[in-house]
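Residues per chain, in single letters:
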Amino acid sequence: MTSRYRLLALAIALFLTAVLAACGGGDDDGGSGRPGNLTDPRDVPTATPWEDAPEVIILDPNNIAPLPPIGDQDGGSEDGDATPAPIAGDCGPTYTVVSGDTPSGIAERCGITTQALLDANPGLDPRAIHAGDELNIPQGGD
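Just so you know, these numbers come straight off a predicted model, no measurement behind them.

Quick notes on helix α2 (residues 103–110)
Among the residues of α2, Pro 103, Ile 106, Ala 107 and Cys 110 are the ones counted as buried. Down the axis of α2, the sector holding all buried residues measures 100°, keeping them to one side. Looking at the buried residues of α2, the elements they touch are β1 (94–96), α3 (114–120) and β2 (134–136). Positive phi appears at Gly 111, one or two residues downstream of α2, with a value of about 75°.

Let's talk about a nonpolar patch on the surface
Taken together, Leu 8, Ile 12, Phe 15, Leu 16 and Val 19 make up a surface patch of nonpolar side chains, about 470 Å² in accessible area. Residue placement: Leu 16 occurs in helix α1 (residues 2–23). Among the residues examined, Leu 16 registers a relative accessible area of 46% and is labelled partly exposed.

Notes on the nonpolar core
If you look at the biggest cluster of nonpolar residues, it comprises 14 residues, and the most contacted ones within it are Tyr 95, Ile 106, Cys 110, Ile 112, Leu 117, Leu 135 and Ile 137. Contributing elements (two or more residues each) for this core: α2 and α3. The leading source of residues in this core is α2, at three residues. If we skip the residues at most four places from it in the chain, Ile 106 touches Tyr 95, Val 97, Asp 101, Leu 117, Ile 129, Leu 135 and Ile 137.

So, the environment of Pro 93
Within the secondary structure, Pro 93 is located in the loop between α1 and β1. For Pro 93, a relative accessible area of 59% puts it in the exposed group. Between the C-alpha atoms of Pro 93 and Asn 136, which are 43 residues apart in sequence, the distance is 6.0 Å. Here Pro 93 is in contact with Leu 135, Asn 136, Ile 137 and Gln 139, once residues within four sequence places are set aside.

Here's the deal with the state of the cysteines
Applying the stated criterion to the full structure yields one disulfide. The side chain of Cys 91 participates in a disulfide bridge whose partner is Cys 110; the two sulfur atoms lie 2.0 Å from each other. Because the sign of the S-S torsion sets the handedness, a value of about -75° for the bond joining Cys 91 and Cys 110 places this disulfide among the left-handed ones. On the criterion of sequence distance, the pair formed by Cys 91 in the loop between α1 and β1 and Cys 110 in helix α2 is long-range, its members being 19 residues apart. With relative accessibility at 5%, the residue Cys 110 sits in the buried group.

What to know about the side chain of Asn 121
Structurally, the position occupied by Asn 121 is in the loop between α3 and β2. Within the structure, the side chain of Asn 121 is placed 2.7 Å from the backbone nitrogen of Asn 136, a separation counted as a polar contact. Here Asn 121 is in contact with Leu 135 and Asn 136, once residues within four sequence places are set aside.

The rules behind these values
- Residues numbered from 1 in each chain as written.
- Predicted model: local features only at pLDDT ≥ 70, side-chain atom pairs only at ≥ 80, totals over all residues.
- Heavy atoms only, no water.
- Buried < 20%, exposed > 50% of the residue type's maximum accessible area, 1.4 Å probe, protein only.
- Helix = DSSP H or I, 4+ residues; strand = E, 2+ residues; numbered from the N terminus.
- Arc of directions from axis to C-beta.
- Contact = heavy atoms within 4.5 Å.
- Patch = residues over 30% accessible without salt bridge, like charges linked within 9 Å, V, L, I, M, F, W, Y side chains within 5 Å.
- Areas by Shrake-Rupley, 256 points an atom, 1.4 Å probe, with all protein chains shown as cover.
- Salt bridge = Lys/Arg side-chain N within 4 Å of Asp/Glu carboxyl O.
- Core = buried A, V, L, I, M, F, W, Y, C linked by side-chain atoms within 4.5 Å.
- Disulfide = S-S within 2.5 Å.
- Polar contact = N/O pair within 3.5 Å; in protein donor to acceptor, adjacent residues only side chain to side chain.

See the structure below:
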């Protein structure tokens, strides 16, 4: 049994040594009781504030124009000007899909129901339309 006590004493000694080493062991302040190596807050550099505050700009959310689409994805003209979006019910017999279009958005833009658009394009997978696809638009608000 004495070997067990020796092994236990050795394990406790190793544990205490590891704890003391992790804690740092001593103090560097010469015994004053305060932790050493603290920085005086008056010596810490800080950011210099502006001499004059910048001018405040207030954005009116009703007066912000949307950014134009990137590239010719909007079906713009050859000179780079964007073609105006059709007014609801103002689509021709076909519609060329542009980036970001959805079947319901196209149907709303053309003044028809989504079901009428899908019926006019029987092979259309509504989850897989791509820019450049040409869709048939039923006439007469079907």
